[in-house]
Amino acid sequence: MRTQNFDTVILGAGAAGMMCAIHAAARGGRVLIVDHARNPGEKIRISGGGRCNFTNTGATARNFLSANPHFAKSALGRYTPQHFIALVDKHGIAYHEKTLGQLFCDHSAKDIIAMLLDEMAQAGCEVRLSTTLEKVGRSEAGFSVTLGGEGAANIACRNFVVACGGKSIPKMGATGLGYQIATQFGLAVTETRAGLVPLTFGEDMLTGFREIAGVSVDARVSCGKTAFEEALLFTHRGLSGPAILQISSYWREKQPLRIAFLAGQDFFAALAAAKRENGRRSIATALGELLPKRLAAHLAQTQGWVGTLGETTDKRLAAIAATLQGWEVFPIGTEGYRTAEVTLGGVDTGGLDSRSMEAKAVPGLHFIGEVVDVTGWLGGYNFQWAWSSGWAAGTAIAEQAA
């Protein structure tokens, strides 16, 4: 098989890979992007309920977890949410802010994929889908790459970019391939685990949770010194919802979570007022006027909050209010990569240049997106990291070739 020559080969036609391809080819470089999937941007397509939460207007390095919290500053500071929004506006894609700076497409996530494909086509990028990486190694030109599948070929390239993501959502073909490549070339990989994922509980808690599965309530959920205030959802397997997904990235086994329902609500004042108005009402009934009724009934039963308001002392009402503002629960695990939105950990940033995403010890080898040990909060932050890190690598490659 005759060897084909490219300036850059990018493994992974996702958000980071496509953004990198656009900019790596901007000055005429020959760029090939490959993916094992039949279609590009599959995680983009399913994200945000099919509407793609493509960025967050407030994204900064503070919204990311990494062994080096400063690493993401360079890429995020040089390619900001406003830069990506300008690209979206250029293509006439309608969008709206849902909450907390989260931007979603009005129509479909496919609009973002079409935009990226259009930009790649204009830049002259070649795309090969249903194509697998069989082997990659160093060569005199830079790298020798062997591809299998529909795009099978032997390729020589100066730059090789790993943008194949992490382990989350394995049903879409996610694997630890990016970490294997990093290890092959001598880069360290930090511990990886599921992030932005529902939490599971033991049978003692689940018996009650199943009765209120589907109930959602606003809450402040904290683990240690970290807290998020958003919606919480009871499920048949445990707890989910935005607040739980957010805190899951900070939670570790055997740690408790503290849940403050309706953070800011003065439950004692509300219960004391209800007692003055009608002391014959039960505690559960009074709580049902503050919280979802099924949740109020569940808490009253499991916590032993029986009797009427009139026969309940203010001291006991204060204790009930304290529980509602500091309910302690102990998850036993997570739902794992099957439902995780991201992978925590990854290629150690200590081995990468923060401006170019290039491996310090392996010139021409770049790692971008989720495969790197940079993980964002829920709400468009991880897409922004994909855009920013892809831009950083692509721009550095183009500048090097100029």
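Please read all numbers here as calculations on a predicted model, not as lab measurements.

Draft legend 1. Spatial organisation of the overall build of the chain. The helix and strand tally for the chain stands at 13 helices and 21 strands. Counting only C-alpha atoms, the chain reaches 85 × 40 × 35 Å along its principal axes. By the burial criterion, 53% of the 402 residues in the chain qualify as buried. Nonlocal contacts in the chain, meaning residues at least 24 apart in sequence, comprise 72% of its contacts between residues at least 6 apart.

Draft legend 2. The packing of aromatic side chains, seen in detail. The full count for this structure, using the stated rule, is 17 aromatic pairs. Look at F383 and W387: their rings are 5.7 Å apart centre to centre, the planes differ by 15 degrees, and that puts the pair in the stacked class. In this pair, F383 and W387 are both assigned in helix α13 (residues 381-401), 4 residues apart and thus about one turn of the helix distant. The exposure classification of F383 matches that of W387, with both residues buried. An aromatic cluster is present here, built from F64, F71, F228, Y250, W377, Y381 and W385 joined pairwise through their rings. Taking NZ or CZ as reference, K98 lies 5.1 Å from the ring centre of F104, over its face. The positively charged end of R138 is found above the aromatic ring belonging to F143, 4.7 Å away from the centroid.

Draft legend 3. A look at the pattern of salt bridges. Counted by the stated rule, this structure contains 12 salt bridges. E42 is paired through a salt bridge with R45; the nearest N and O atoms lie 3.0 Å apart. Of the two residues, E42 and R45 are both situated in helix α2 (residues 42-46); the distance of 3 residues between them amounts to about one turn of the helix. Accessibility expressed as a relative area gives 22% for E42, which makes it partly exposed. Taking the shortest distance from any N to any O, the salt bridge between R252 and E191 comes out at 3.2 Å. Taken together, the positions of R252 in the loop between α8 (242-248) and β16 (257-261) and E191 in the loop between α6 (177-184) and β11 (193-195) put the pair 61 residues apart, joining distant regions of the chain. Accessibility expressed as a relative area gives 52% for E191, which makes it exposed.

Draft legend 4. Main features of the side chain of D373. Inspection of the secondary structure puts D373 in the loop between β20 (365-367) and β21 (375-376). This buried residue, D373, is left without a salt bridge; R193 holds the nearest opposite charge, at 8.8 Å. At 3.0 Å, the side chain of D373 and the backbone nitrogen of A67 are in polar contact. The contacts of D373, once residues within four sequence positions are left out, are L65, S66, A67, T190, G345, G346, V347 and T349.

Draft legend 5. Main features of the nonpolar core. With 80 residues, the main nonpolar core has I112, F160 and F367 as its most contacted residues. In terms of residue count, the dominant contributor to this core is α13 (9 residues). V215, F228, I247 and I259 belong to the second-largest nonpolar core, a separate cluster that totals 40 residues.

Draft legend 6. Quick peek at the environment of K254. Locating K254 in the fold gives a position in the loop between α8 and β16. For K254, a relative accessible area of 79% translates into the label exposed. Once the C-alpha coordinates of K254 and D314 are considered, the two residues, 60 residues apart in sequence, prove to be 34 Å apart.

Draft legend 7. Local environment of the sheet that holds strand β12 (residues 199-200). Here 7 strands make up an open sheet; going across it, the order is β17-β16-β13-β14-β15-β12-β18 and the pairing antiparallel. Pairing within the sheet leaves two strands with one partner each, and these edge strands are β17 (327-329) and β18 (333-334). Sheet topology note: the strand β13 (residues 216-223)/β16 ladder contains 4 bridges and is antiparallel. Each residue of the ladder has a partner; that of A219, found in β16, is F261.

Draft legend 8. Focus on unusual backbone geometry. A positive phi angle, near 60 degrees, is found at I169, a position not held by glycine. Note on placement: I169 falls in the loop between β10 (153-162) and α6. Its relative accessible area of 13% is what places I169 among the buried residues. Positioned with a positive phi, L262 is a non-glycine residue whose angle comes to about 45 degrees. Position of L262 relative to the elements: it lies in the loop between β16 and α9 (267-277).

Draft legend 9. Focus on the pairing of strand β1 (residues 3-11). Looking at chain direction, β1 and β10 are connected through 8 bridges and run parallel. Note on β10: the bridge partner recorded for N5 is A156. As defined by bridge partners, β1 adjoins strand β2 (residues 31-34) across 4 bridges and the pair is classed as parallel. Residue pairing across strands places I10 opposite I33, the latter belonging to β2. As a crossover connection, the stretch from β1 through helix α1 (residues 15-24) into β2 is right-handed.

Draft legend 10. How the structure looks around the packing of α1 against α13. Following both chains from N to C, one finds α1 and α13 inclined at 30 degrees, their axes separated by 7 Å at the closest point. Between α1 and α13, the angle falls in the class roughly parallel. Classified by chirality, the crossing of α13 by α1 is right-handed. Note on element contacts: α13 touches α1 through F383, A386, W387, S389, G390, W391, A393, G394, T395, I397 and A398, opposite A15, A16, M19, C20, H23 and A24.

Basis of the calculations
Residues numbered from 1 in each chain as written. Predicted model: local features only at pLDDT ≥ 70, side-chain atom pairs only at ≥ 80, totals over all residues. Heavy atoms only, no water. Helix = DSSP H or I, 4+ residues; strand = E, 2+ residues; numbered from the N terminus. Buried < 20%, exposed > 50% of the residue type's maximum accessible area, 1.4 Å probe, protein only. Contact = heavy atoms within 4.5 Å. Phe/Tyr/Trp six-rings, centres within 6.5 Å; stacked < 30°, edge-to-face > 60°. Lys NZ or Arg CZ within 6 Å of the ring centre and 35° of its normal. Salt bridge = Lys/Arg side-chain N within 4 Å of Asp/Glu carboxyl O. Lys, Arg positive; Asp, Glu negative; His and termini not counted. Polar contact = N/O pair within 3.5 Å; in protein donor to acceptor, adjacent residues only side chain to side chain. Core = buried A, V, L, I, M, F, W, Y, C linked by side-chain atoms within 4.5 Å. Pairing = 2+ DSSP bridges. Right-handed = clockwise from strand over helix to strand, strands pointing away. Axes fitted to C-alpha atoms, helices over the stretch in contact; angles between N-to-C directions. Parallel < 35°, antiparallel > 145°, perpendicular 65-115°, else oblique. Left-handed = near helix turned anticlockwise from the far one by under 90°.

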